[in-house]
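# Summary of structural features
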Amino acid sequence: MVTIVPQWSGSVAICARHGLPVTFRTEVWFRSRPPVLLCVAVFVVVIAAGLPVVVPAARYLDDPDPELYLLLLFGGLFAGWLVHNVMLRQVSAPAWGFCDVCPALRSRLVGTAVTCFLLTVCSCALYVPFVLPEQVGGDELSPFQAIVRWAVAVAPGVFAIVGAVLLAFARWSVLAGGVAGKDGTVVLRRPVLEFVRAIAELGRAAEKA
Ligand SMILES: [Zn+2]
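Residues numbered from 1 in each chain as written. Predicted model: local features only at pLDDT ≥ 70, side-chain atom pairs only at ≥ 80, totals over all residues.

Summing up its helical and strand segments, the protein has eight helices and five strands in all. The C-alpha radius of gyration computed for the protein amounts to 23 Å, which surpasses the reference 17 Å derived for 209 residues by more than 25%, pointing to a less compact arrangement than a globule. Reported as C-alpha extents along the three principal axes, the dimensions of the protein are approximately 80 × 35 × 20 Å. Of all 209 residues assigned to the protein, the portion counted as buried reaches 19%. Taking all contacts inside the protein whose residues are at least 6 apart in sequence as the whole, residues at least 24 apart take part in 79%. (Helix = DSSP H or I, 4+ residues; strand = E, 2+ residues; numbered from the N terminus. Rg over C-alpha atoms; globule rule 2.2 N^0.38 Å. Buried ≥ 20, exposed ≤ 12 C-beta atoms within 10 Å, placed from the backbone. Contact = placed C-beta atoms within 7 Å.)

On to the UniProt feature "transmembrane region" (unreviewed entry) in the protein. Under the local residue numbering, the UniProt record ascribes the feature "transmembrane region" (unreviewed entry) to residues 35-56, 68-88, 109-130 and 150-170. Secondary structure content for residues 68-88 is 95% helix and 0% strand, while the C-alpha to C-alpha distance between its ends is 30 Å. Segment residues 109-130 splits into 95% helix and 0% strand. End C-alpha atoms: 31 Å apart. (UniProt positions renumbered as here; feature names shortened; annotations may be inferred.)

Turning next to the sheet that holds strand β1 (residues 2-4). If you trace the three strands from one edge of the open sheet to the other, you get β1-β5-β4, paired in antiparallel fashion. Where the open sheet ends on each side, the last strands, each with one partner, are β1 and β4 (178-180). Across the sheet, the mean angle separating the axes of adjacent strands is 30° when strand polarity is ignored. Relative to strand β5 (residues 186-188), β1 runs antiparallel, the two being bridged by three bridges. Directly across from Ile4, in β5, lies its bridge partner Val186. (Pairing = 2+ DSSP bridges. Axes fitted to C-alpha atoms, helices over the stretch in contact; angles between N-to-C directions.)

Another aspect to go through is the packing of helix α1 (residues 36-54) against helix α2 (residues 67-87). Relative orientation of the contacting elements α1 and α2 amounts to 165°, with a least axis distance of 8 Å. As summarised for this structure, α1 and α2 are arranged roughly antiparallel, according to the angle between their axes. Read as a crossing pair, α1 and α2 show a hand that is left-handed. Facing Leu38, Ala41, Val42, Val45, Ala49, Gly50, Pro52 and Val53 of α1, the residues of α2 in contact are Tyr69, Leu70, Leu72, Leu73, Gly76, Leu77, Gly80, Val83 and His84. Of the residues belonging to the contact of α1 with α2, the class tally is 13 nonpolar, four polar and no charged. (Parallel < 35°, antiparallel > 145°, perpendicular 65-115°, else oblique. Left-handed = near helix turned anticlockwise from the far one by under 90°. Nonpolar A, V, L, I, M, F, W, Y, C, P; charged D, E, K, R; others polar.)

All right, on to the nonpolar core then. As a rule of thumb, nonpolar side chains are buried together in soluble globular proteins. Core analysis: the largest hydrophobic core is formed by 21 residues, its most contacted members being Cys15, Phe30, Phe98 and Val186. When contributions to this core are tallied by element, the ones reaching two or more residues are β2 (24-31), β3 (90-98), α7 (172-176), β5 and α8 (193-208). If we ignore the near neighbours within four places in the chain, the residues touching Phe30 are Pro6, Gln90, Val91, Ala93, Ser173, Gly178, Val179, Ala180 and Val186. (Core = buried A, V, L, I, M, F, W, Y, C linked by C-beta atoms within 7 Å.)

Turning our eyes to something else, we now look at the environment of Met87. Relative to the assigned elements, Met87 resides in helix α2. Here Met87 falls in the exposed class, since 11 other C-beta atoms lie within 10 Å of it. Sequence spacing of Met87 and Arg59 is 28 residues, and the spatial spacing of their C-alpha atoms is 33 Å.

Moving on: the confidence of the model for the protein. Of the residues in the protein, 97% have a pLDDT of 70 or more, and the chain-wide mean is 88. Within the protein, helix α3 (residues 101-125) carries the highest mean pLDDT (95), whereas helix α5 (residues 132-135) carries the lowest (67). (pLDDT = per-residue confidence, 0-100.)

Let us look at unusual backbone geometry. Positioned with a positive phi, Asp183 is a non-glycine residue whose angle comes to about 55°. Along the polypeptide, Asp183 turns up in the loop between β4 and β5. The exposed category is assigned to Asp183, around which 7 C-beta atoms lie within 10 Å.

In structure tokens, the structure reads:
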């Protein structure tokens, strides 16, 4: 991990992630990482409310249906998202440089995320033939039919979550591989050596000036 002053990146002609020549620049807002305690709390919510949604045997409340657990899961995730946004620190890099690989990667991520959201809608439509008949008191399900019903019931949630995660990875700041550090700095996770050297040189030049 390397801590840098983001303003200096405007004078570096190498992509921090790929080490290739910079082909375009844009303003990037780096965001601080959520606190560890918040991550632990969200993890506990996902296990405690998410597991019973997909595994009927793990339902501990006096309710055989998954709806209440789903409500707890989304309520918990929403609360976590709110707390994260309240505690968020953002640092701007006015002219961060990207190589040709970065926007191509971003397009692929966004394209796959859009496909996931379309699949979310399509798999919701499957509720009518596969999930609803049992809700209105259809015939007894064979084990295979029960598995199909379970897969159809869980699919929209899975597609929506995968789509949201892909969109998060498509952010410019994530493509650049950085998060907001303290005092307006940016912490880069795995920058290429050439980028770090160029930034260090700018730092030395700024100290001399
Ligand atoms: Zn790049």
